[in-house]
Amino acid sequence: MPSNLHPLGALPARFRRQRVLIVGCGDVGLRVARALGAPSGQGRRQVLALTSSPTRTGALRAAGITPLVGDLDRPPTLARLAGLATRVVHLAPPPGSATPAWLDPRSTALARALRRRTLPQSLVYASTSGVYGDCAGQWVAETRPLRPATARAQRRVNAERTMRHLGRAGVRVSILRVPGIYAPDREGGTPRERLLRGAPVLCADEDVYTNHIHADDLARACVAALWRGAAQRAYHASDASELKMGDYFDLAADLYGLPRPPRVTREQAGRLLTPLQLSFMSESRRLVTERLTRELRLRLRYPMVREGLAS
């Protein structure tokens, strides 16, 4: 029945419009908002964002986003999220540590808040490709069993399961498994600072495959999955590139006109790099992206890392 013929009269505009809630509205979240039409207000979409910092509300409003103050680490502050959004983009990372170590309490808190009233139609969760663990350089499809090797990746697996459980309640959940994000206008979004420090990379015969996605392409993938993602489906949000980590840094150095990084053995790297840096050199995989392009009908504007790496 058309709303203007409904016995209760036409519904208020706020109930006729799609309301998209962005949880974790940092750099990628702001790009998602722009892709949704904020601040121009294209179509019937209202973009909302959860923020734990009241000082950010002005900046979010300036970007055409309606801010909602709440903290995933304090579940009672999330009560107003119940029944509010028709679609949700969940970009908030798990906490740096948790008890137990594999748990993501933030995703649990969000899921519980959304369950209190009418559920959203669709939800997109940005996970990580680290959920696969080390794949010894093999090509990896989304159906590969998950074998997270770090507590950080285990928390992501827990978050994925929490979102899938929410999907069984009727939400169309899509999971994007995201590798390294790059963009010249993103803080820390290029390897330039690392190249200037002269940080080493692994020698060719010990090097690992690495995967990347431009921040704008990731935002477009989030929007496409909101409307076209299949229920309970995982997608690799990754460039269609095949590069080893050392080759990636060599390419970046050439683009910036900087010296290529020194090559070292894995044993030498253990003495020169931090445990976190070493963790990224301990896993090697190549992500298959056919499902992303076929089902979401998404064509990446940056199909190679070469494009969009340097301004």
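Residues numbered from 1 in each chain as written. Predicted model: local features only at pLDDT ≥ 70, side-chain atom pairs only at ≥ 80, totals over all residues. Heavy atoms only, no water.

A. Structural view of the packing of aromatic side chains. In this structure the tally under the stated criterion is 1 aromatic pair. Measuring from centroid to centroid gives 5.3 Å for Tyr-248 and Phe-249, while their planes differ by 75°, and the two rings are edge-to-face. Side by side, Tyr-248 and Phe-249 carry an identical accessibility label, which is buried. Over the ring of Trp-227 we find Arg-45, and its NZ or CZ is 4.5 Å from the ring centre. Arg-87 extends its terminal NZ or CZ atom over the ring of Trp-227, reaching a point 4.4 Å from the ring centre. (Phe/Tyr/Trp six-rings, centres within 6.5 Å; stacked < 30°, edge-to-face > 60°. Buried < 20%, exposed > 50% of the residue type's maximum accessible area, 1.4 Å probe, protein only. Lys NZ or Arg CZ within 6 Å of the ring centre and 35° of its normal.)

B. A look at the nonpolar core. Grouped together as the largest cluster of nonpolar side chains are 33 residues, with contacts concentrated most on Ile-22, Val-32, Leu-91, Leu-176 and Leu-218. Those elements that place two or more of their residues in this core are β1 (18-23), α2 (27-35), β2 (45-51), β5 (122-128), β7 (172-178) and α7 (215-228). The element contributing the most residues to this core is α7, with 8 residues. Those residues within four positions of Val-32 in sequence are excluded, and the remaining contacts are Ile-22, Val-89, Leu-91, Ala-219, Cys-222 and Val-223. Counting residues in each nonpolar core, the second largest holds 25 residues, with Leu-78, Ala-109, Leu-123 and Ile-175 among its members. (Core = buried A, V, L, I, M, F, W, Y, C linked by side-chain atoms within 4.5 Å. Helix = DSSP H or I, 4+ residues; strand = E, 2+ residues; numbered from the N terminus. Contact = heavy atoms within 4.5 Å.)

C. Structural context of the pattern of salt bridges. Counted according to the given criterion, the structure contains 19 salt bridges. We note a salt bridge from Asp-71 to Arg-74, for which the minimum N-O separation is 3.7 Å. For Asp-71, a relative accessible area of 18% puts it in the buried group. Note on Arg-74: relative accessible area 48%, which makes it partly exposed. Salt bridges sharing common partners tie together Asp-207, Asp-247, Asp-250, Asp-254, Arg-260 and Arg-263. (Salt bridge = Lys/Arg side-chain N within 4 Å of Asp/Glu carboxyl O.)

D. Representation of the layout of surface pockets. Counted as a void, the largest pocket has a volume near 1,600 Å³. Looking at the largest pocket, it is lined by 48 residues, and the ones nearest its centre are Pro-179, Gly-180, Ile-181, Arg-186 and Phe-280. Those elements that place two or more of their residues in the lining of the largest pocket are α2, β5, α5 (151-167), β8 (180-182), α6 (192-197), β10 (209-210), α8 (245-256) and α10 (275-280). A per-class count over the lining of the largest pocket returns 19 nonpolar, 18 polar and 11 charged. Taken as a whole, the second largest pocket encloses approximately 230 Å³ of empty space. A class-by-class count of the residues in the lining of the second largest pocket yields 6 nonpolar, 5 polar and 4 charged. (1 Å grid on protein atoms, 1.4 Å probe; cavity = no way out; pocket = protein on both sides within 12 Å on 5 of 7 lines; lining within 4 Å. Points joined across faces, edges and corners; volume = space filled by probe spheres on them. Nonpolar A, V, L, I, M, F, W, Y, C, P; charged D, E, K, R; others polar.)

E. Quick peek at α5. The first and last C-alpha atoms of α5 sit 24 Å apart over 17 residues, in line with the 24 Å expected at 1.5 Å per residue. Within the sequence span of α5, burial applies to Ala-153, Arg-155, Arg-156, Val-157, Asn-158, Ala-159, Glu-160, Thr-162, Met-163, Leu-166 and Gly-167. (Expected span 1.5 Å × (residues − 1).)

F. Representation of the packing of α2 against α7 in the model. One way to put it is that α2 packs onto α7 with a least axis distance of 8 Å and a crossing angle of 60°. Overall, the two elements α2 and α7 adopt an arrangement that is oblique. Relative to α7, α2 is oriented so that their crossing is right-handed. Within the contact between the two elements, α2 uses Asp-27, Val-28, Arg-31, Val-32 and Ala-35 and α7 uses Ala-215, Asp-216, Leu-218, Ala-219, Cys-222 and Val-223. Considered class by class, the residues forming the contact of α2 with α7 number 8 nonpolar, no polar and 3 charged. (Axes fitted to C-alpha atoms, helices over the stretch in contact; angles between N-to-C directions. Parallel < 35°, antiparallel > 145°, perpendicular 65-115°, else oblique. Left-handed = near helix turned anticlockwise from the far one by under 90°.)

G. Highlighting the sheet that holds strand β12 (residues 233-236). Overall, parallel pairing links the 7 strands, which are arranged β3-β2-β1-β4-β5-β7-β12 in an open sheet. The outermost strands of the open sheet, each flanked by one partner alone, are β3 (66-69) and β12. Each neighbouring strand pair of the sheet contributes to a mean axis angle of 20°, computed without reference to strand direction. Sheet analysis places β1 next to strand β4 (residues 87-90), joined by 4 bridges and oriented parallel. Bridging across to β4, Ile-22 finds its partner in Val-89. Sitting on the sheet, helix α4 (residues 105-115) touches β1, β4 and β5, and the angle it makes with β4 is about 175°. Sitting on the sheet, α5 is in contact with β4, β5, β7 and β12, with an inclination near 165° to β5. (Pairing = 2+ DSSP bridges.)

H. Quick look at the environment of Leu-78. When you line up the elements, Leu-78 lands in the loop between β3 and β4. Taking the relative accessible area as the measure of exposure, Leu-78 reaches 1% and is therefore buried. Beyond its immediate sequence surroundings of up to four residues, Leu-78 is in contact with Leu-50, Gly-70, Asp-71, Leu-72, Ala-109, Leu-110, Ala-113 and Arg-116.

I. Quick look at the packing of α4 against α5. Their axes nearest at 9 Å, the elements α4 and α5 cross at an angle of 10°. For the element pair α4 / α5, the angle class is roughly parallel. In this structure, the crossing between α4 and α5 has a hand that is right-handed. On the side of α4, the interface is formed by Ser-107, Thr-108, Ala-111, Leu-114 and Arg-115, while α5 contributes Ala-159, Thr-162, Met-163, His-165 and Leu-166.

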